[in-house]
Amino acid sequence: MKCPSIPNFLGMAALSALSVCLVSAQVKPAPSPSPSPGPGGGAGSGNTGGGFPGTGNSRTPTNSIPGSGQQRQSPFPTFQRPIFLQGKVMLDDGNPPPEPILIERTCGGTARPEGYTDSKGRFSIELGRNSQMYADASTSSPSDMLSTGPNNNPGGGRMITERDLMACELRASLVGYRSDIVQLAGRRTLDNPEVGTIILHRLANVEGYTISATTQMAPKDAKKAYEKGLDQMKKNKLAEAKVSLEKAVEGYPKYAVAWNELGRIHEADNNMEEARKAYAAAIAADSRFVKPYVQLSGIAMREKKWQDAVDTTNTLIKLDPYDFPSAYYYNAIANLNLQNIDAAEKSARECVKLDAGHTIPKANHVLGVVLANKHDYAGAAASMKAYLALVPDGRDGEFVRKQLADVEQSLAAKASDPRPQP
């Protein structure tokens, strides 16, 4: 559909049309950088192993035959070996996490998921193997890798070399917690794979959790059914998983994490009414458990229920004001559609500030739209240019450039008009 231009943004019909354009840009994980250059290296430092450093050539090295212009194969070919790591994750109170925790490799500020801990907090991973494994904003559980799209392809990554580990570190990822860091620079393929224990430290001023306190009190049979459901979800056996999770919540109605996963299955089946009921049950069981709020805000945005989106994201932001830039993004769009312009600006600015990895570049566009509504044309132009710089070839590039031209025209008219501006 044709999106509205800047001069029409204050009309309700135009705002409704704009929302389709903005919501259609779904929040996605940042794309992994191309293998070359590699982390910490120059051009070609991300070679795939077996080649000459700096060339990015993965073939067996060859030597020139003097005067012949031909190449001959080296009698000493190099072999690339996988790099394995293992260790344990614990909370700062000395207990293992009650749910599987995501293990990430961070290189140059870019995080890549590598695997998950088991029920006892231990992990064993091969670096690079799960580079295509994505997790949503609230994830700390393998069940969050629900296979609903083409990006779910665990095991599809390339092998990591020693050179790739320059400027890299390993950490556990759990919303509301700060992880100890394991430096990977200098690690070699034949080193002892044991990295020790990674401690998760609870952050101050964060009330929400992505692990529910009710999990610890689950009866044995309910916990067994829940874990079976998670395993079935990982295998994309959603019908079987639904049965297992229903058994878990039947045996333990306060099983917040099981209710949340059941809601995700209903959502995958496009049964939004049952999904909302399951998420509401999860919140009733544990009001500080943040994952159902994340899911509910996404449903409200897709259904364009703007007040519901504002209310849900406001609660999520109150529970955890640091770890969910997507909550601010949704909040900004919803408030813009409700013509709460000041609230929309505040949330858009907070999203841009928190999103250091630019996983939600569209937030800059939303901020530009908000500032244009406030007749801050200089600020609107700067924000739209920031978005275009981050996504120069985006599908909506032509639309945003047209908006930018309208803003710059308004800015020029404002500069040439000596009369006081409203």
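No experiment lies behind these values; they were computed from the predicted model shown.

Overview of the overall build of the chain
Okay, step 1: Regarding its fold elements, the chain presents twelve helices and ten strands.
Okay, step 2: Counting the 422 residues in the chain, one finds 47% classified as buried.
Okay, step 3: Sequence separation of 24 or more characterises 60% of the internal contacts of the chain that already satisfy a separation of 6 or more.
Okay, step 4: Taken as a whole, the chain presents about 20500 Å² of accessible surface, with 52% of it coming from carbon and sulfur.

With respect to the nonpolar core
Okay, step 1: Judged by nonpolar contacts, the single largest core of 49 residues is most densely connected at Met 301, Leu 316, Phe 324, Tyr 329 and Val 407.
Okay, step 2: Mapped onto this core, the elements with two or more residues apiece are α5 (272-285), α6 (291-302), α7 (306-319), α8 (325-337), α9 (341-354), α10 (362-373), α11 (377-390) and α12 (397-416).
Okay, step 3: The leading source of residues in this core is α8, at eight residues.
Okay, step 4: With near-sequence residues (within four places) excluded, Leu 316 lies in contact with Val 290, Tyr 293, Val 294, Phe 324 and Ala 327.
Okay, step 5: The next biggest cluster of nonpolar side chains, apart from the first, holds 24 residues, and it includes Ala 225, Tyr 252, Ile 265 and Ala 285.

A look at the environment of Arg 129
Okay, step 1: Tracing the sequence through the fold places Arg 129 in the loop between β6 (122-126) and β7 (168-173).
Okay, step 2: Its relative accessible area of 46% is what places Arg 129 among the partly exposed residues.
Okay, step 3: Along the sequence, Arg 129 and Ile 83 sit 46 residues apart, while their C-alpha atoms lie 9.8 Å from each other.

Description of the state of the cysteines
Okay, step 1: Taken as a whole, this structure holds one disulfide when the rule is applied.
Okay, step 2: Disulfide partner of Cys 107: Cys 168, at an S-S distance of 1.9 Å. Given an S-S torsion of about 115°, the disulfide between Cys 107 and Cys 168 has right-handed geometry. In this pair, Cys 107 is assigned in strand β4 (residues 102-107) and Cys 168 in strand β7, connecting sequence segments 61 residues apart. The pair formed by Cys 107 and Cys 168 is uniform in burial state, with each residue classed as buried.

Some thoughts on the pairing of strand β3 (residues 84-91)
Okay, step 1: Strand direction decides the pairing type here: β3 and β6, joined by five bridges, are antiparallel. Bridge pairing in β6 places Phe 84 opposite Glu 126.
Okay, step 2: Bridge analysis of β3 against strand β10 (residues 194-202) gives five bridges, and the strand direction is parallel. Among the inter-strand pairings, Met 90 is bridged to a residue of β10, identified as Ile 199.

So, unusual backbone geometry
Okay, step 1: One non-glycine residue, Asn 236, lies in positive phi territory at about 65°.
Okay, step 2: Notably, His 375 is not glycine yet its phi reads approximately 65°, a positive angle.
Okay, step 3: Looking at the element boundaries, His 375 is found in the loop between α10 and α11.
Okay, step 4: Of the residues examined, His 375 reaches a relative accessible area of 35% and is grouped as partly exposed.

Cut-offs used in this document
- Residues numbered from 1 in each chain as written.
- Predicted model: local features only at pLDDT ≥ 70, side-chain atom pairs only at ≥ 80, totals over all residues.
- Heavy atoms only, no water.
- Helix = DSSP H or I, 4+ residues; strand = E, 2+ residues; numbered from the N terminus.
- Buried < 20%, exposed > 50% of the residue type's maximum accessible area, 1.4 Å probe, protein only.
- Contact = heavy atoms within 4.5 Å.
- Areas by Shrake-Rupley, 256 points an atom, 1.4 Å probe, with all protein chains shown as cover.
- Core = buried A, V, L, I, M, F, W, Y, C linked by side-chain atoms within 4.5 Å.
- Disulfide = S-S within 2.5 Å.
- Pairing = 2+ DSSP bridges.

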